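These are the residues of each chain, in order.
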Amino acid sequence: QKPRKATPQTGEDTLNGHLPPGWQSYMSPQGRRYYVNTFTNETTWEQPSSVPGTPKSPPANSPSVLTVNGYHISGTPVHQLESAHMNLRKHSGDHQSPGSPAAPRRQSKESSLTINCVTFPHPDVMPEQQLLKPSEWSYCDYFWADKKDSQGNNTVSGFEILLQKQLKGKQMQKEMAEFIRERIKIEEEYAKNLSKLSQNSLAAQEEGTLGEAWAQLKKSLADEAEVHLKFSSKLQSEVEKPLLNFRENFKKDMKKCDHHIADLRKHLASRYAAVEKARKALTERQKDLEMKTQQLEVKLSNKTEEEIKKARRKSTQAGDDLMRCVDLYNQAQSKWFEEMVTTTLELERLEVERVEMIRQHLCQYTQLRHETDMFNQSTVELVDQLLRKVDPAKDRELWVKEHKTGDIRPVDMEI
């Protein structure tokens, strides 16, 4: 909504004539005068300074606040950029007139700060930042601030914590693949030993129903050896190999995320340093201009009007430099914010994909194990059935028939 210019009143044209270039005076529907920068659409209740390039100083004991991608950030150290970004409060990026119906409360000296003729909202009067995914514990909401170590000394950025989580997940995946590899070795060695034992000639001369059961028991070892060998082969192709392949792709994705965000963080820190430098330069130019102006007014100096104009131009240039640096910082912060959200969501997707992939392959492991156990059970049941049919009487009968030497015939002896 564009501001409605007040009906001209006595002295208003004179007032506008004393405003810095680009500023206009307006009247709100409630009858309160406010000022609008027609170049930037910035608004303020306070009359901008009549001296071009001499912005009003912020209120005492109040930190300067920069508007950043719909957020604002106080003068914090560079390593706390992420913390300031999310811990301070959000405001609307649309600049509206103080009397607009869309602005539920008026700005005041307590609710705004003026820097170089630009008004910034004070963080204490702004609404809390809303979560991007309020119904989920999503990465994109909880890893903006820095976190101190257990000793409370060094700090680690939230994004670094996410990277450590992902790297740990990658390492766990490698160790899981190594675990399966050891299981495969055990299966291969077990199959080899079973096959060797099944060919042993011990007790090979047993006969009868017991001999049949014994022969089947030895044969079951050979069958079981083959099953375990196939089990080890499937473990390698359907569990171990996919785990290792996914880990390599996961590693490439992680590397891209790491470098990308690291570059943005460095760029953001550089822009922040430039803003601080420009802010200090503006303060020095303002002080110099004010001092020369005061000396000229009380005639304590021989400074010429030309020197005053030169100081004024330098102050104006310093103000413009600050505005340019703030704009560049805002752009860098906006880019960093968008990429942080995008990248954390990507890391979240990778983690969900990793866990789901491992779950599926471990389910495949248990399925293969179940199939192996079922076959072994069927083999054991077959041997058990033959053992239940072992009949000592029948075995004796069969043996006697095969090895008898003749029937017993008692004979009477005569003398």
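It should be emphasised that the depicted structure is a prediction, and the values quoted were computed from it without experimental measurement.

Caption draft 1: A look at the overall build of the protein chain. Looking only at helices and strands, one finds seven helices and nine strands in the protein chain. Expressed as a percentage of its 415 residues, the buried residues of the protein chain come to 37%. For the protein chain, contacts bridging at least 24 residues in sequence account for 68% of all contacts bridging at least 6. Summed over its atoms, the accessible surface of the protein chain is roughly 25,800 Å², and 52% of this surface lies on carbon and sulfur atoms.

Caption draft 2: Summary view of the side chain of S198. Considering the arrangement of structural elements, one finds S198 in helix 4 (residues 158-198). We classify S198 as buried; its relative accessible area is 13%. Only 2.7 Å separates the side chain of S198 from the backbone oxygen of S195, close enough to count as a polar contact. Leaving out residues up to four positions away in the same chain, S198 has contacts with K218, L221 and A222.

Caption draft 3: Main features of the nonpolar core. In terms of nonpolar packing, the biggest core is built from 24 residues, with W144, F159, V275, L322, W336, M340 and L347 touching the most fellow members. Looking at this core, the elements that each hand over two or more residues are helix 4, helix 5 (208-297) and helix 6 (305-388). Examining the composition of this core, we find that twelve residues originate from one element, helix 6, more than from any other. Counting residues in each nonpolar core, the second largest holds twelve residues, with A177, F231, F246 and M357 among its members.

Caption draft 4: Inspection of the pattern of salt bridges at higher detail. The full count for this structure, using the stated rule, is 18 salt bridges. With its nearest N and O atoms 3.6 Å apart, the salt bridge here joins K230 to E226. Of the two residues, K230 and E226 both sit in helix 5, four residues apart, roughly one turn of that helix. The residue R354 makes a salt bridge to E351 at a minimum N-O spacing of 3.0 Å. Of this pair, R354 and E351 both sit in helix 6, three residues apart, roughly one helical turn. Both residues of the pair, R354 and E351, belong to the buried class. One salt-bridge network, in which partners are shared between bridges, spans K133, E136 and E348.

Conventions we followed
- Residues numbered from 1 in each chain as written.
- Predicted model: local features only at pLDDT ≥ 70, side-chain atom pairs only at ≥ 80, totals over all residues.
- Heavy atoms only, no water.
- Helix = DSSP H or I, 4+ residues; strand = E, 2+ residues; numbered from the N terminus.
- Buried < 20%, exposed > 50% of the residue type's maximum accessible area, 1.4 Å probe, protein only.
- Contact = heavy atoms within 4.5 Å.
- Areas by Shrake-Rupley, 256 points an atom, 1.4 Å probe, with all protein chains shown as cover.
- Polar contact = N/O pair within 3.5 Å; in protein donor to acceptor, adjacent residues only side chain to side chain.
- Core = buried A, V, L, I, M, F, W, Y, C linked by side-chain atoms within 4.5 Å.
- Salt bridge = Lys/Arg side-chain N within 4 Å of Asp/Glu carboxyl O.

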